[in-house]
Amino acid sequence: MSLWNRAQQLPPDALRQVQNVYGEQFPIEVRHYLAGWIEDKMHQWNEIDPENVSHSQYAHTLITQLIQELENKALNYGSNEDLFLVRIRLDEAANMFKTRYLNNNPLGLVSIIRDCLKTELHLVQQHENMLGISHTASMVMEPCAEIVSELDILHRRTRETADELRQLEQEQESFALQYHDCTKINAHLSHIQSQEKTQQNREMEANLRRRKELGEQQLAQKVSGLLQRRMDLAEKHKGTIDRLNILQQRILDEELINWKREQQMAGNGKSFNSGKLDQIQEWCEALAEIIWLNRHQIKECERHQTKIPITPHGGVDMLPTLNSHITRLLSSLVTSTFIIEKQPPQVMKTNTRFSATVRLLVGGKLNVNMTPPQVRVSIISEAQANALLKNDQMSKGEMSGEILNNTGTMEYHQGSRQLSVSFRNMQLRKIKRAEKKGTESVMDEKFSLLFQSQFSVGGGELVFQVWTLSLPVVVIVHGNQEPHAWATVSWDNAFAEQGRIPFTVPEKVPWPQVADMLDAKFKSATGRGLTEDNLKFLAGKAFRSPQIQDFTNMMLSWSQFCKEPLSERNFTFWEWFFAVMKVTKEHLRQPWNDGSIMGFVGRPQAEEMLKNSKSGTFLLRFSDSELGGVTIAWMYEDTTKACDQRQVFMLQPFTSKSFAIRPLGDVIADLKYLLYLYPNIPKEQAFGKYYTPLGETTPQGSNGYVRPHLIINVPGWTATGSGESYPNTPQPMYPMHDAGLGDPPSVSSNPSDCVSTMPPYNDPDYPDILENLPDPDFSNFSLDFLQTNFMKQQ
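Predicted model only: the values in this text are computed from it and were never measured.

Cut-offs used in this document
Residues numbered from 1 in each chain as written. Predicted model: local features only at pLDDT ≥ 70, side-chain atom pairs only at ≥ 80, totals over all residues. Heavy atoms only, no water. Helix = DSSP H or I, 4+ residues; strand = E, 2+ residues; numbered from the N terminus. Buried < 20%, exposed > 50% of the residue type's maximum accessible area, 1.4 Å probe, protein only. Contact = heavy atoms within 4.5 Å. Areas by Shrake-Rupley, 256 points an atom, 1.4 Å probe, with all protein chains shown as cover. Axes fitted to C-alpha atoms, helices over the stretch in contact; angles between N-to-C directions. Parallel < 35°, antiparallel > 145°, perpendicular 65-115°, else oblique. Left-handed = near helix turned anticlockwise from the far one by under 90°. Pairing = 2+ DSSP bridges. Patch = residues over 30% accessible without salt bridge, like charges linked within 9 Å, V, L, I, M, F, W, Y side chains within 5 Å. Salt bridge = Lys/Arg side-chain N within 4 Å of Asp/Glu carboxyl O.

Honestly, the overall build of the chain in this entry has me stumped. Any pointers?
Within the chain, the regular secondary structure consists of 26 helices and 21 strands. Taken across its 794 residues, the chain has 45% of its residues classed as buried. Partitioning the intrachain contacts of the chain with sequence separation of at least 6 by distance along the chain shows that 70% fall at a separation of at least 24. For the chain, the accessible area works out to roughly 40400 Å², and carbon and sulfur atoms hold 48% of it.

Sorry if this is basic, but what is going on with the packing of helix α10 (residues 199-266) against helix α14 (residues 482-495) here?
Relative orientation of the contacting elements α10 and α14 amounts to 150 degrees, with a least axis distance of 8 Å. Viewed along their axes, α10 and α14 adopt a mutual orientation that is roughly antiparallel. Where α10 crosses over α14, the two elements pack in a sense that is left-handed. Residues Arg261, Gln264 and Met265 of α10 form the contact with α14, whose participating residues are Asp492, Asn493, Ala494 and Phe495.

Looking at this model, I keep getting lost on the pairing of strand β16 (residues 646-651). Mind explaining?
Consecutive side chains of a regular strand alternate in pointing toward one face of the sheet and then the other. Among the six residues in β16, five count as buried, and that is most of the element. Pairing of strand β15 (residues 630-637) with β16 involves five bridges; the strand directions are antiparallel. Bridge assignment links methionine 635 to a residue of β16, and that residue is valine 648.

Please explain the sheet that holds strand β4 (residues 374-381) as it appears in this structure.
One open sheet accounts for four strands, arranged β6-β4-β9-β10; its pairing is antiparallel. Taken across any chain shown, the strands that pair with only one partner, and hence form the sheet edges, are β6 (407-409) and β10 (462-469). Each adjacent strand pair in this sheet contributes to an overall mean axis angle of 25 degrees, direction not counted. Here eight bridges tie strand β9 (residues 447-457) to β10, and the two strands are oriented antiparallel to one another. The residue of β10 that forms the bridge with leucine 450 is leucine 469. Strands in contact with helix α13 (residues 382-391) are β4, β9 and β10; relative to β4, the strand with the most contacts, it is inclined by about 120 degrees.

Is there a simple way to explain the pairing of β9 in this structure?
For β9, a buried count of eight out of eleven residues is recorded, marking the element as mostly surrounded by other parts of the structure. Two elements, β4 and β9, share seven bridges in a ladder whose sense is antiparallel. Residue pairing across strands places isoleucine 380 opposite serine 448, the latter belonging to β9. Once β9 ends, the chain turns through four residues before running back antiparallel as β10, passing glycine 458 with a positive phi of about 65 degrees.

Mind showing me how you'd approach a nonpolar patch on the surface here?
A cluster of nonpolar residues, Phe84, Leu85 and Ile88, forms a patch on the protein surface that exposes about 290 Å² of accessible area. You can see phenylalanine 84 is positioned in helix α7 (residues 84-102).

This is the structure we're talking about:
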């Protein structure tokens, strides 16, 4: 039983205390009409610390969801005149939450809700302890307990109506026998009356008349009892159907829809409990069994009524309506539980293999597997998906592409009790696109995979046409289209509204929601999410206004997100973020998770941070000018000069191509003048574990090539003819920075400028080789030459 249901059973004094807890700041109507949703989110209320400012964004997201639920609930009550005042009260509460809390103080409203629930729980537990009632002393209420409880009640009601149906059948048989006896008495009486009026015949006639009157009285009583039992049974079936309807709506419209929404958010990296689907299947199978049994009982009632067609005077036969209603419930359950368990990839490349899995949650319970249904897959456009939802059917030939291996047969797996089909080798051969408008590109266009099937239940009594649509997919033909395609998919996943017209999304969304999406994607890709400082930096970049301090109330447009280039750049915000996420995932994952990469910091801020640090202090930041670039900024102090010669240098950004040749850890090891990771962590402590061991390798491989050892070397920072590997100053090539001349210089780290070759350190002839070699000249040495002559067969 839910906490709110338990609170409503409190004695008057305690109930008044509960009512007093709720006031203008959190109206009791909100608690009542959103009780299920509020308690479903109980663990989230608990996770947020109202005293922790860093939880503001989390609180903002949760309050936004609360307001959305309120508005949806009020909208649902709009057509019910009896709930007119309730709708007004819920609308008022939603508006109050928006203006007073959402953007100004979301943590304040979370604190109020937590306090209300805590007091409510305390009063309920106090009362139940006095009565000796045991309940879990936790604020986390498991909604499935209510569903299981309601299913138990429906099972019990179904058993009770089954017993009453058997009693009705027995009474009907008794009535039939009694009626047959009366018919024989009437026939016998008619025969006696046609005979000669002897004394014996008169006595027999009188006896038959008495028996006839008694039999008719008994028949009248039986008819009355039979009609009453029929009406009582119909009323019970009606009550069961009403409860089934409410429970089925909760399971399908809340639990299953929430699962689908979580599945969609998993496409953006959010955590997803896919195992919840097994629990939902158990509930749906229980519903299917109860519906099927009640439908059978109603049909039996119709059959009995046909055998003895007696109806009350002026009465209405409820059975056809009940039969129609429960059949619609079964149809809704079957069509809604034909779901995509494993979604196809949302960014789909033509002529590339992909997979998907479809499952019918009630297939095993309804024995659909006795005639295994075929499932067919096709791809349709956004307009075709819209038309399908309106008409509930697709015209033949209305497809937007050709998919190979697009048919499969559903199979029943005894161990898991699942009826499903997995498509493992589908391939999109070609796609038919719509005409583009304005600035639209092919990466803005959304498609969906349509899964269709047909099957029958009850020996062919009912035939179901079922279909379901995949999440939106974007079709690309080349890898360079992937970043923009992921922008379209990510925006859709994050901001799609329930019950939308396919596949409309808002043009502008609040920055906190965008920040939540970016954080989830980065965490999923790299293993560690974004801090408040990281998100503030990203907001400044997305809005092209790094000087703004508070972005909470700002709306980010789709155009700002991935259409308009960043200031003085030829790429968009999303392209920059996607490239950063990609290089971090592929080459920097572990240092990022360790916190060794600051990353999201601008060049001026990095210079400000380093200028008061000791010489050799460095940090790593994502380049503003090069996609997927990572630059090293470090403080250098020339102690040979009389005056203060301190300057921040920044290496030309490293990219994925650079890290594929020389990993970040080894780059840090090569640059000897890097001593401390900001603020003052010895670089060996921060990056030592990422250095590549030299290994015990032979100078010459089996292919006849000498294996080189690559190092990073910055021109101008290496002395020739000196015992020192790195001099005290880079002055010969890079003059000291003048504050009036703009940004400090960037030192080139292009591999063609800084890669040299050395034999392995464990080569026994290594010292002699050095002694006999002249000073090397790498001025014309290129990376292409290195790869062609030293690395092509490694």
